[in-house]
Amino acid sequence: QVQLVESGGGLVQPGGSLRLSCAASGSIFSINHMGWYRQAPGKQRELVATITSGGATNYAGSVKGQFTISRDNAKNTVYLQMNSLKPDDTAVYYCNAEIRITAAPYWYTYWGQGTQVTVSS
């Protein structure tokens, strides 16, 4: 069984910063893409950023230059550094990973439970 556990969310003032972490644990053979998504109230879940096992990154246009995704492959952990936060960044942030649980070439997508980020004065 595989689990993704996020941490680091909270309440922050506009202009502030937060760093989210997401650690994958359990029966993991290897991890391909890892990423962050967010869902604001009344809106659909949207991509924030992804990172491959080799470190190639992709960002939503709305966060490019503001957020930075990184990962520690040895710890099966992905991070999201969020700077210059705005009220529009308020959402539940979910991490996501493509994981191979055995040597067989099948990838499964797992999601974390979500962590709330609220940007407000």
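Right above here is the structure, for reference.
Values in this document were obtained by computation on a predicted structure and should not be read as measured data.

Counted under the stated rule, the structure contains 1 disulfide. Disulfide partner of cysteine 22: cysteine 95, at an S-S distance of 1.9 Å. One end of the pair, cysteine 22, is in strand E3 (residues 18–26); the other, cysteine 95, is in strand E9 (residues 91–100), with 73 residues separating them in the sequence. The residues cysteine 22 and cysteine 95 share a single accessibility class, namely buried.

Here we take up the nonpolar core. If you look at the biggest cluster of nonpolar residues, it comprises 29 residues, and the most contacted ones within it are Trp36, Leu80, Met82 and Tyr93. Looking at this core element by element, the count peaks at 5 residues for E9.

This brings us to the pattern of salt bridges. Any two side chains of opposite charge can pair, given that their charged atoms come close. Here the structure, examined in full by the defined rule, presents 2 salt bridges. For glutamate 46, the salt bridge is made with arginine 38, and the minimal N-O distance between the two is 2.7 Å. Here arginine 38 ties to aspartate 89 by a salt bridge, and the two come within 3.0 Å at their closest N and O atoms. Here the residue arginine 38 occupies a position in strand E4 (residues 30–39), and aspartate 89 occupies one in the loop between strand E8 (77–82) and E9, the gap between them amounting to 51 residues. Across the pair, exposure class does not vary: arginine 38 and aspartate 89 are buried alike.

Let us look at the environment of glycine 54. Among the structural elements, glycine 54 can be located in the loop between strand E5 (46–51) and strand E6 (57–59). In sequence terms glycine 54 and isoleucine 31 are 23 residues apart; their C-alpha atoms lie 11 Å from each other.

Before going further, it helps to spend a moment on the sheet that holds E8. If you trace the 4 strands from one edge of the open sheet to the other, you get E1-E3-E8-E7, paired in antiparallel fashion. On the outer flanks of this sheet lie strand E1 (2–7) and strand E7 (67–72), each paired with one strand and no other. If you compare each strand with its neighbour and ignore which way they point, the axes differ by 15° on average. Where E3 meets E8, 6 bridges bridge the pair, whose relative direction is antiparallel. Looking at E8, one finds that leucine 18 is bridged to methionine 82.

What counts as what
Every chain is numbered on its own, with residues counted from 1 as its sequence reads. Local features in a predicted model are, by the rule used here, given only for residues with pLDDT of at least 70; side-chain atom pairs are given and counted only at 80 or more, and totals for whole chains, interfaces and linings are based on all residues. Side-chain measures were taken over the full set of non-hydrogen atoms in the model, leaving aside hydrogen atoms and water. Cysteine sulfur atoms are paired as a disulfide whenever they fall within 2.5 Å. Numbering of helices and strands starts at the N terminus; helices are DSSP runs of H or I of at least 4 residues and strands are runs of E of at least 2. Exposed residues in this analysis have more than 50% of their type's maximum accessible area, buried residues have under 20%, and partly exposed residues fall in between, with area computed by a 1.4 Å probe over protein chains only. Each nonpolar core is a collection of buried residues, namely Ala, Val, Leu, Ile, Met, Phe, Trp, Tyr and Cys, held together in the definition by side-chain atoms within 4.5 Å. We define a salt bridge as a contact between a side-chain nitrogen of Lys or Arg and a carboxyl oxygen of Asp or Glu at a distance within 4 Å. DSSP bridges decide pairing: two strands pair if at least two such bridges lie between them. Every axis corresponds to a line fitted to the C-alpha atoms, with the helix fit spanning only the stretch in contact, and the corresponding angles, defined between N-to-C directions, vary from 0 to 180 degrees.

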